[in-house]
Amino acid sequence: MAKIIHHGAVSGVTGSCHQLFIDDAYSVLIDCGMFQGAEASQLEQGSLAINFPLNTVEALVVTHCHIDHVGRIPYLLAAGFDKPIYATEATAQLLPLVIEDAIKVGISRDRNLIDKVLDRLRMLLKPFPYDQWFKLAENLAAKCRFRMAGHILGSAYVEFELDHERVIFSGDLGAPYSPLLSAPRAPYKADCLVIESTYGDKNHEGRKARRSELKRVLERCLSDAGTVLIPAFSIGRTQELLYEIEEIIHQSGADWAVLDVIVDSPLAAEFTEHYRSLRKLWDKEARRKVQNGRHPLAFEQLITIDSHGDHQRLVNHLKQTVRPAIVIAASGMCAGGRIVNYLKALLGDKKTDVLFVGYQAQGTPGRDIQTYGSRGGYVYLDGERIDIRAGVHTISGYSAHADQKDLVNFVKRMRHKPSEIRIIHGDDEAKQALRIKLNEIVPNAKVWIPHG
């Protein structure tokens, strides 16, 4: 069986980084992500250190460009890594934007330093289309290919062919009814599968139910002229929400014309432009809307906030306004970014609603608001205690992650099932629940949960 060392995403859902050994002398990394929330604070060397040797590493293979999968790449480069970085074509287009933002937020705003890192990154990046096998290095017989994962634009699960053994890393798998993106298809075979388990113990609402719930929250916003705050990651979730909100407005008539839809994130706005430019990767439904003259990511009521000054003015305006508005802003777990200023200003207002549409990691302000908001609790933001009087809602169906049923189907639909399954990237309860389910599907396989 393949030798794999896990350098992250084993005690929780962040910091994805896995080392697959081709033989004793050569290995490849799959992702190099940042730790977040409680997982970051528990690490002795902090959340960013590359604390493993790189002497055998011949390549980095990136599944997608969320920060918990790519955020440590600047530190990897600083540690001397100078080998190819393989990614899908769309991920290669988006990755420099994500890395630039990560450097600005977590390291430095020194333009010279940022440009040096980005130049190095672009030099090492090797884009490949989906489904095309490629060699990992000239001196290695091992090959690799990207398969559609349906999680965010450009996301992939990765198949490795090593000396008569097929090893698959799921990355983050998407839900099959995700708007904009095609659903992931199970591979023909795997000998060893490393699979995520973010929602290994839960099943999402169906698309019809989640859109109905979203509409209900927006109707409340319209009726009391309040603000709906949606913490969302700049890539993936933001674009899916815009797509669904455009559909609701389109079907709801003139009364909804007063509703402002605000994306307050320069990064999210830039990603949305890229999403539009990469329409060839959209699913059939989304492409059909465009052909019919609809603009699901650029509709009339959509407002983009860029400068920090405009952001501050909007926060103050929403504290005093009587006009309904939806604000989508990062970070998705409320651990920083512009969403924090909105929360500090508006969490104490009963006309405000906070809508969570993605996973909230333990130890993040988002998890605290989600857990204690419905009880009239409080949260600490920037060291300040904020009482929660806003309505707090969670719609799990908008998660970009597969749920338990989807994860089980990913394995069930393989023609040749794995003899080893490693369950990673989940809280303990999620991993244990998925292990039990997968044991039923492949009773003769070794299904286990690695630890760091």
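A quick note: this is a predicted structure, and the numbers were derived from the prediction, not measured.

Visitor: Before we move on, could you go through the pattern of salt bridges and cite the residues and values that matter?
Guide: Throughout the structure, instances matching the rule amount to 26 salt bridges. As a salt-bridge pair, R166 and E159 come within 2.7 Å of each other at their nearest N and O atoms. For the pair R166 and E159, one class covers both residues: buried. A salt bridge links E244 to R211, with the nearest nitrogen and oxygen atoms 2.8 Å apart. In this pair, E244 is assigned in helix α7 (residues 237–252) and R211 in helix α6 (residues 207–224), connecting sequence segments 33 residues apart. Judged by relative accessible area, E244 falls into the buried class, the value being 0%. Here R211 falls in the buried class, since its relative accessible area comes to 18%. Beyond isolated ion pairs, a larger network of salt bridges with shared partners links D131, R145, R147, E159, E161 and R166.

Visitor: Go over the sheet that holds strand β7 (residues 134–135) with me, naming the residues and quoting the values.
Guide: Across the sheet, 7 strands lie side by side as β7-β8-β9-β10-β11-β20-β21; this open sheet has mixed pairing. The open sheet has two free edges, formed respectively by β7 and β21 (446–448), since each of these has just one partner strand. Strand direction decides the pairing type here: strand β10 (residues 165–169) and strand β11 (residues 192–196), joined by 3 bridges, are parallel. Directly across from F169, in β11, lies its bridge partner V194. This element, helix α14 (residues 428–441), spans β11, β20 (420–424) and β21 of the sheet and lies at about 160° to β20.

Visitor: Outline the nonpolar core, listing residues and values.
Guide: Considering soluble globular proteins, one finds that nonpolar side chains tend to be buried as a cluster. By size, the foremost hydrophobic cluster in this structure holds 97 residues, and its most contacted members are L20, I73, L136 and F160. At 8 residues, helix α4 (residues 89–106) tops the list of elements feeding residues into this core. Aside from chain neighbours lying at most four places away, what touches F160 is L20, V28, I30, V61, W133, L136, K143, C144, E165, R166, V167 and F169.

Visitor: Which residues make up the environment of A400, and what values do they have?
Guide: Checked against the element boundaries, A400 lands in the loop between β19 (391–394) and α13 (404–412). Overall, the relative accessible area of 2% leaves A400 in the buried class. On a C-alpha basis, the gap between A400 and G373 in space is 23 Å, while along the polypeptide they are 27 residues apart. Non-local contacts of A400, meaning those with residues more than four positions away in its chain, are made with H151, L173, G174, A175 and R237.

Visitor: How would you sum up the sheet that holds strand β5 (residues 85–88)? Please name residues and give values.
Guide: Pairing within the open sheet is mixed, and its 6 strands lie in the order β1-β2-β3-β4-β5-β6. Each edge of the open sheet carries a strand with a single partner, namely β1 (3–6) and β6 (125–128). The sheet shows a mean angle of 25° between the axes of neighbouring strands, direction not considered. The strands that α4 touches are β5 and β6; relative to β5, the one it contacts most, it runs at about 115°. On the sheet, helix α5 (residues 111–124) packs against β5 and β6 and is oriented at approximately 45° with respect to β6.

Calculation rules
- Residues numbered from 1 in each chain as written.
- Predicted model: local features only at pLDDT ≥ 70, side-chain atom pairs only at ≥ 80, totals over all residues.
- Heavy atoms only, no water.
- Salt bridge = Lys/Arg side-chain N within 4 Å of Asp/Glu carboxyl O.
- Buried < 20%, exposed > 50% of the residue type's maximum accessible area, 1.4 Å probe, protein only.
- Helix = DSSP H or I, 4+ residues; strand = E, 2+ residues; numbered from the N terminus.
- Pairing = 2+ DSSP bridges.
- Contact = heavy atoms within 4.5 Å.
- Axes fitted to C-alpha atoms, helices over the stretch in contact; angles between N-to-C directions.
- Core = buried A, V, L, I, M, F, W, Y, C linked by side-chain atoms within 4.5 Å.

Distances and angles like these do not, on their own, reveal function.
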